[in-house]
Amino acid sequence: MKILAPSILSADFLNLGSQIKLLEKGKADLIHCDVMDGQFVPNITFGPILVKKITAVTKLPLDVHLMINNPENFIEDFVDAGAKYISVHYEGNVHTDRLINKIKSDNVKAGIAINPATPVSCLTEIANIVDYVLLMSVNPGFGGQLFIEYTKNKIVELVELRKKLNKNFLIELDGGVTHRNIKELGDLGVDIFVVGSSIFNTPDIPKTISNFKHILKKEIANNE
Ligand code: DX5
Ligand code: ZN
């Protein structure tokens, strides 16, 4: 199954409640929340307080992408805030195994994220225990950037690793996904597509979401 996860990084924050209603109307699968601390990435967004406010107004599951240093200090807060998926960066912490197990023990899906220039080979061990791998296809920190083409090879490598390990972790792709490249990326093996600016910078958000989902459905049909 292909999953669409709109990223609220590009949403109108002053009208977040109504923007979330539009995601529901378009039948988004997840809401992707980009948490940035101004240290791990050169931008600052929001934390568990806002995540909790969002979970209070929607039934859509929240997919929290932590782009922060020392994520171990905040897992509990995001779990309490109602996150259903939490990913931490390979580059941002030393005790990845401990952290992934901690997230899983809280009954939250645990993901490991890697930056575009971090090789898939770093994941050989941790891929045995994660629920999903988040591949960054732009340098993290900002929405609206251009897709980095070489990251396509990493999708292929990750599909191979999944097969080799005989695991079923999901592959999430984050950054620069548009209606022009989503089909090709799905064909390569992506399961969860994060889409920010290509959803929120359009005049009819529910319609844009259903267009994306339509493309993904066609992609599935062609592969059957
Ligand atoms: C970037 C974030 C992304 C971002 C994607 O650091 O992790 O989730 O919102 O935005 P687009 O789809 O505009 O590249
Ligand atoms: Zn993200």
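These figures come from a predicted structure and were not determined experimentally.

## Let's talk about the side chain of Arg162
Relative to the assigned elements, Arg162 resides in helix 5 (residues 151-165). Polar side-chain contacts of Arg162 include one of 3.0 Å to the side chain of Asp191. Non-local contacts of Arg162, meaning those with residues more than four positions away in its chain, are made with Lys167, Asn168, Phe169, Leu170, Ile171, Gly189 and Asp191.

## Some details on helix 1 (residues 16-25)
Every buried residue of helix 1 is listed here: Leu16, Gln19, Ile20 and Leu23. The buried residues of helix 1 occupy an angular sector of 100° when projected down its axis, which confines them to one face. Following helix 1 by one or two positions, Lys27 has its phi on the positive side, about 65°.

## Quick look at the side chain of Thr58
Counting through the fold element by element, Thr58 comes out in the loop between helix 2 (48-57) and strand 3 (62-67). A polar contact is formed between the side chain of Thr58 and the side chain of Glu24, at a distance of 2.5 Å. Here the side chain of Thr58 touches Leu60 through a polar contact of 3.0 Å, landing on its backbone nitrogen. What Thr58 contacts, discounting residues up to four positions off in sequence, is Ile20, Glu24 and Ile31.

## What about the site of ligand 1?
In the vicinity of ligand 1 lie 20 residues, with Asp34, Gly141, Gly144, Asp174 and Ser197 positioned nearest. In this structure, Ser197 approaches ligand 1 through a side-chain N or O atom, which is 2.5 Å from an oxygen atom. Expressed as a share of its isolated accessible area of 380 Å², the protein-covered part of ligand 1 is 99%. The site holding ligand 1 turns out to be the largest pocket. Put simply, the parts of the chain that give the shell around ligand 1 at least two residues each are strand 2 (31-36), strand 3 and strand 8 (192-195). Sorting elements by how many residues they give to the shell around ligand 1 places strand 2 first, with three residues.

## As for the coordination of the zinc ion (ligand 2)
Ideal geometry at a metal gives 109.5 degrees between four tetrahedral donors and either 90 or 180 degrees between six octahedral ones. On the protein side, the zinc ion (ligand 2) has His32 (NE2), Asp34 (OD), His65 (ND1) and Asp174 (OD) as donor atoms, found 2.0 to 2.3 Å from it. Here the zinc ion (ligand 2) is ringed by six donor atoms whose angles at the metal span 68 to 170°, and the overall shape comes out octahedral. If you list the donors of the zinc ion (ligand 2) from N- to C-terminus, the spacing comes out as H-x1-D-x30-H-x108-D. One end of the pair, His32, is in strand 2; the other, His65, is in strand 3, and 33 residues separate them in sequence. For the pair shown, His32 and His65 are each scored as buried.

Criteria and cut-off values
- Residues numbered from 1 in each chain as written.
- Chains lettered and ligands numbered in written order.
- Predicted model: local features only at pLDDT ≥ 70, side-chain atom pairs only at ≥ 80, totals over all residues.
- Heavy atoms only, no water.
- Helix = DSSP H or I, 4+ residues; strand = E, 2+ residues; numbered from the N terminus.
- Polar contact = N/O pair within 3.5 Å; in protein donor to acceptor, adjacent residues only side chain to side chain.
- Contact = heavy atoms within 4.5 Å.
- Buried < 20%, exposed > 50% of the residue type's maximum accessible area, 1.4 Å probe, protein only.
- Arc of directions from axis to C-beta.
- Near = heavy atom within 4 Å.
- Areas by Shrake-Rupley, 256 points an atom, 1.4 Å probe, with all protein chains shown as cover.
- 1 Å grid on protein atoms, 1.4 Å probe; cavity = no way out; pocket = protein on both sides within 12 Å on 5 of 7 lines; lining within 4 Å.
- Sits in = over half its atoms within 2 Å of the grid points.
- Donors = N, O, S within 2.8 Å, 3.2 Å for Na, K, Ca; no water.
- Tetrahedral: all angles 85-135°; square planar, octahedral: opposite > 155°, others 65-115°.

Everything listed is a geometric property; what it means functionally is a separate question.
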